[in-house]
Amino acid sequence: MGPVLFHWDENRKRDFYAQIADETDIDTVHVGEVVCAKRMPFFDKHLPDVIERLQRAGKEVVFSTLALVMNSRENALINEITQMPDLLIEANDISAAGLLADRPHVIGPYINIYNESTFSYFESRAAKRISLPWELPLSSISQLCETRKSAEIEVQVFGRMPLAISARCYSARAQGLHKDGCRYVCGEQLDGMEVATLDDTPFLAVNGLQTLSNHYVELSDNIGELQDAGVSAFRLSPHSLDMMEVAQLYRQLLDRKIDAGELRRNLQEMPLQMAFSDGFLHGLPGAELRSTLGQRAE
């Protein structure tokens, strides 16, 4: 389970991690703030208890770090986090990757790894797992898998795809607010603020500093190919729908108890309206859906 990208209130977030600990067959759970350091004080006080509960339930806990480090305060936060001795840390900014060199860590998908030399560089510096960028096609993923010596390779198979991150807070600007006085309006949309084109076509989603895809990547139809290529970890990105059920569906798929068609149909029946895509994996525009499992949800 990837990190929660959205500014959920502390009770919702605590309940989410409690359910993940008690009700799912998930191997690895990410905690930590990736998008905006201003959100961290709201939940940091709960992290020791959350981490302990997840570990007690047998989960591997990964602490995900910021994808964009912009000032000395945030740099100090990264230094403090990367010195935690007993946690696996995910670097989402190259500065964190440098601090984690020579101790086991995870390279997050926000660090651009597009070729074999870059992959080998991070692997040689003790990266235990490398989560590849969302836009890589299967052919490139296969080549990187052939390069690997020891690091696990991870691909996100469900959830909106982060496309960009900026120093400017789009959520605040949309409400006529300055970033320093944002009033945390990003928390008003549990899955990001949807953005449409001038002709009202759904286009993107905004999450504070982060721009996300409008479509939800859904790669159940391609997990077999990814496994054959050498991918061994599959990331689910948390959203406001029942992630316990989502996790169960993908676990059943991996255990060959259901097929991809049944998984997709169950997702389409959930209350959250999702348009699915798999274009990037097939070398197509990211919003396209090549899979023949059925029509995307409306």
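Position numbers for residues start from 1 in each chain and track the written sequence from start to end. Per-residue local features are limited, in this predicted model, to residues with pLDDT of at least 70; the limit for side-chain atom pairs, both in listing and counting, is 80 or more; totals at the level of whole chains, interfaces and linings are taken over all residues. To get the side-chain values, take all heavy atoms of the structure and skip hydrogens and water.

A. Spatial organisation of the overall build of the protein. Numbering of helices and strands runs from the N terminus, with a helix taken as a DSSP run of H or I at least four residues long and a strand as a DSSP run of E at least two residues long. Broken down by element type, the protein carries 11 helices and 11 strands. Relative to the compact-globule value of 19 Å for 298 residues, the protein shows a C-alpha radius of gyration of 18 Å, a close match. Taking the principal axes of the C-alpha coordinates as reference, the protein spans close to 50 × 50 × 35 Å. Only protein chains enter the accessibility calculation, which uses a 1.4 Å probe; a residue whose area is less than 20% of its type maximum is buried, one above 50% is exposed, and one in between is partly exposed. The burial tally for the protein puts 54% of its 298 residues in the buried class. By the convention used here, residues are in contact when the closest approach between their heavy atoms is within 4.5 Å. Across the protein, the fraction of contacts at a sequence separation of at least 24, relative to all contacts at a separation of at least 6, is 65%. Positive charges are assigned to Lys and Arg, negative charges to Asp and Glu, while His and the chain termini are left out of the count. To locate a charge, take NZ of a lysine, CZ of an arginine, CG of an aspartate or CD of a glutamate. Measuring between centres, the 29 positive side-chain charges of the protein sit 4 Å from its 43 negative side-chain charges. What the globule rule says is 2.2 Å times the number of residues to the power 0.38, and the radius of gyration is computed from C-alpha atoms.

B. Fine view of the pattern of salt bridges. What counts as a salt bridge is simple: a side-chain nitrogen of Lys or Arg found within 4 Å of a carboxyl oxygen of Asp or Glu. Counted under the stated rule, the structure contains 13 salt bridges. Between K45 and E10 there is a salt bridge, and its shortest N-O distance comes to 3.7 Å. Pair noted here: K45 is in the loop between α2 (40-43) and α3 (47-56) and E10 is in helix α1 (residues 10-23), with a separation of 35 residues, a long-range link. Given the relative accessible area of 58%, K45 is considered exposed.

C. The arrangement of the layout of surface pockets in detail. We place a 1 Å grid over just the protein atoms. Points where a 1.4 Å probe fits but has no way out form a cavity, open points with protein on both sides within 12 Å along at least 5 of 7 lines form a pocket, and any residue with an atom within 4 Å of a point lines it. Grid points are joined across faces, edges and corners, and a volume is the space filled by probe spheres set on the points. Within this model, the largest pocket holds a volume of roughly 370 Å³. Lining the largest pocket are 19 residues, with D27, T28, A233, F234 and R251 positioned closest to its centre. For the lining of the largest pocket, the elements supplying multiple residues, two or more each, are β1 (28-31), β6 (152-165), β10 (233-236) and α10 (243-254). Gly falls in the polar group here, along with every residue not listed as nonpolar (Ala, Val, Leu, Ile, Met, Phe, Trp, Tyr, Cys, Pro) or charged (Asp, Glu, Lys, Arg). Of the residues in the lining of the largest pocket, the class split is 8 nonpolar, 4 polar and 7 charged. Counted as a void, the second largest pocket has a volume near 240 Å³.

D. Representation of the environment of T82 within the structure. Counting through the fold element by element, T82 comes out in helix α4 (residues 72-82). Since its relative accessible area comes to 5%, T82 is described here as buried. Taking C-alpha positions, T82 is 7.1 Å from A96, a pair spaced 14 residues apart along the chain.

E. Summary view of the side chain of H239. Structurally, H239 is set in the loop between β10 and α10. In terms of polar contacts, H239 uses its side chain to reach the backbone amide nitrogen of R160, at 3.1 Å. If we ignore the near neighbours within four places in the chain, the residues touching H239 are F6, W8, F158, G159, R160, D191, Y216 and L272. For the purposes of these results, a polar contact is taken to be a pair of N or O atoms within 3.5 Å, where, inside protein, one atom must be able to donate a hydrogen and its partner to accept one; residues adjacent in sequence count only when each atom of the pair is a side-chain atom.

F. Region of the structure containing the packing of aromatic side chains. Classification of ring pairs uses Phe, Tyr and Trp, with its six-membered ring standing for Trp, and accepts pairs whose centres are within 6.5 Å; under 30 degrees between planes counts as stacked, over 60 as edge-to-face, and the remaining range as tilted. Applying the stated criterion across every chain yields a total of 8 aromatic pairs. Judged by centre distance (6.1 Å) and plane angle (35°), the rings of Y17 and F43 are tilted. On the criterion of sequence distance, the pair formed by Y17 in helix α1 and F43 in helix α2 is long-range, its members being 26 residues apart. Among the residues examined, Y17 registers a relative accessible area of 2% and is labelled buried. A residue is classified by how much of its surface remains accessible, and F43, at 6% relative accessible area, is buried. With a centroid separation of 4.8 Å and 80° between ring planes, the pair formed by F42 and Y184 is classed as edge-to-face.

G. Molecular detail of the confidence of the model for the protein. Each residue carries a pLDDT score, the predictor's confidence in it, ranging from 0 to 100. Taken as a whole, the protein shows an average pLDDT of 95; of its residues, 98% reach a score of 70 or greater. Within the model, the stretch residues 294-298 combines pLDDT values under 50 with 15 contacts to residues more than four positions away or in other chains.

H. Inspection of the packing of helix α6 (residues 116-124) against helix α7 (residues 138-147) at higher detail. Note on method: axes are straight lines fitted to C-alpha atoms, helices fitted across the in-contact stretch only, with angles between N-to-C directions ranging 0 to 180 degrees. Orientation of α6 relative to α7, taken along the N-to-C sense of each, is 45°, at an axis distance of 9 Å. Regarding the angle of α6 to α7, the classification is oblique. Crossing geometry of α6 relative to α7 is assigned as right-handed. Where α6 abuts α7, its residues E116, F119, S120 and E123 lie against Q143, L144 and T147. A per-class count over the contact of α6 with α7 returns 2 nonpolar, 3 polar and 2 charged. Throughout this description, any angle smaller than 35 degrees is read as roughly parallel, any larger than 145 degrees as roughly antiparallel, any in the 65 to 115 degree range as roughly perpendicular, and the remainder as oblique. Should the near helix be turned anticlockwise from the far one by less than a right angle, the crossing is termed left-handed; should it be turned clockwise, right-handed.

I. Spotlight on empty space enclosed by the protein. One pass over the full model with this rule turns up 5 cavities of 30 Å³ or more. Considered as a void within the structure, the largest cavity measures approximately 130 Å³ in volume. Per element, the largest residue contribution to the lining of the largest cavity is 3 residues, and it comes from β6. Here the lining of the largest cavity is composed, by residue class, of 11 nonpolar, 1 polar and 1 charged.

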